[in-house]
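Residues per chain are reported as follows:
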Amino acid sequence: ATVVPVQVLENLPGAARATGPMSLLLLALDWVLADCLASGQRCVLNLSFGGRFSGDLLGWFSIPESALSALEGAGVLVVAAAGNDGGAACTFYPAASRAGLAVGAVTEPDDEEGGASHLAPFTNFGCCSD
């Protein structure tokens, strides 16, 4: 497997979080689709970012939603971070996307519980997380 990093967000001086324009994200998603199709290999898109979500997939969020759906339709496995607010993954995009999987964080295996892991206390969860 080949990992191809694509950075679309930037940490600006004094900013609490990384930021970037939606247009850059859309260009990156288009590039990932073209690169994956050209490679002829199976592809996984890891979206390790996100932000608050209004719940409106028909409004402003319809633009990235269409791009993620196109990637999934082309056979790309889309994986998104569920978020790290300890709340509902459905309030976090792209975790709330209809395309792909939203994954949360788990704790280290607990030897006292037979090696079981649990949801990390900070991870988002709920019906939008897989």
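Refer to the structure printed above.
These figures come from a predicted structure and were not determined experimentally.

Cut-offs applied
- Just so you know, the residues in each chain are numbered from 1, in the order the chain's sequence is written.
- In keeping with the predicted nature of the model, local features appear solely for residues at pLDDT of at least 70, side-chain atom pairs appear and are counted solely at 80 or more, and the whole-chain, interface and lining totals rest on all residues.
- The basis for every side-chain value is the complete set of non-hydrogen atoms in the structure, without hydrogens or water.
- Each helix is a run of DSSP H or I of at least 4 residues and each strand a run of E of at least 2, with the numbering of both proceeding from the N terminus.
- Buried means the residue's accessible area, taken with a 1.4 Å probe over protein chains only, is under 20% of the maximum for its type, while exposed means over 50%, and partly exposed covers the values in between.
- When checking whether two residues touch, look at their non-hydrogen atoms; a contact exists if any pair is within 4.5 Å.
- Here a cavity denotes a set of grid points, spaced 1 Å apart and computed over the protein atoms alone, in which a 1.4 Å probe fits but from which it cannot get out, and a pocket denotes an open set meeting protein on both sides within 12 Å along at least five of seven lines; residues with an atom within 4 Å of a point are reported as lining.
- Grid points are joined across faces, edges and corners, and a volume is the space filled by probe spheres set on the points.
- Note on residue classes: Ala, Val, Leu, Ile, Met, Phe, Trp, Tyr, Cys and Pro are nonpolar, Asp, Glu, Lys and Arg are charged, and everything else, Gly too, is polar.
- In plain words, nonpolar cores are sets of buried Ala, Val, Leu, Ile, Met, Phe, Trp, Tyr and Cys residues tied together by side-chain atoms within 4.5 Å.

Colleague: Let's hear about the overall build of the protein chain: which residues, and what values?
Modeller: Within the protein chain, the secondary structure is distributed over 2 helices and 5 strands. Reading the protein chain from its N end, one meets helices and strands in the order α-β-β-α-β-β-β. Burial status across the protein chain gives 28% buried among its 130 residues. Expressed as a percentage of contacts within the protein chain between residues at least 6 apart in sequence, the contacts between residues at least 24 apart total 60%.

Colleague: A description of the layout of surface pockets should follow, citing residues and the corresponding values.
Modeller: Taken as a whole, the largest pocket spans an internal volume of roughly 730 Å³. Surrounding the largest pocket, 26 residues form its lining, Val 4, Val 6, Val 44, Leu 45 and Asn 46 being those nearest its centre. Those elements that place two or more of their residues in the lining of the largest pocket are helix H1 (22-39) and strand E1 (44-47). Reported here for the second largest pocket is a volume of approximately 570 Å³. Lining the second largest pocket are 31 residues, with Leu 9, Phe 49, Gly 50, Gly 51 and Tyr 93 sitting closest to its centre. Put simply, the parts of the chain that give the lining of the second largest pocket at least two residues each are H1, strand E2 (51-52), helix H2 (62-73) and strand E4 (92-93). No other element matches H1, which puts 3 residues into the lining of the second largest pocket. Grouping the amino acids of the lining of the second largest pocket by side-chain chemistry returns 20 nonpolar, 8 polar and 3 charged.

Colleague: Describe in detail the environment of Trp 31, supporting the description with residues and values.
Modeller: Assignment of secondary structure puts Trp 31 in helix H1. Sequence separation between Trp 31 and Ala 15 is 16 residues; the distance between their C-alpha atoms is 27 Å. If we skip the residues at most four places from it in the chain, Trp 31 touches Val 4 and Val 6.

Colleague: Talk me through the nonpolar core; I want residue IDs and the actual numbers.
Modeller: Counting residues in hydrophobic clusters, the biggest one holds 20 residues, and the most contacted among them are Leu 29, Leu 45, Leu 47, Leu 68 and Leu 71. For this core, the secondary-structure elements that each account for two or more residues are H1, E1, H2 and strand E3 (77-81). At 6 residues, the largest contribution of residues to this core is made by H1. Once you skip the residues sitting within four places of it in the chain, Leu 47 turns out to touch Leu 29, Leu 68, Val 78, Val 79, Ala 80, Ala 81 and Pro 94. Membership of the second largest hydrophobic core comes to 5 residues, among which are Ala 89, Phe 92, Ala 95 and Ala 102.

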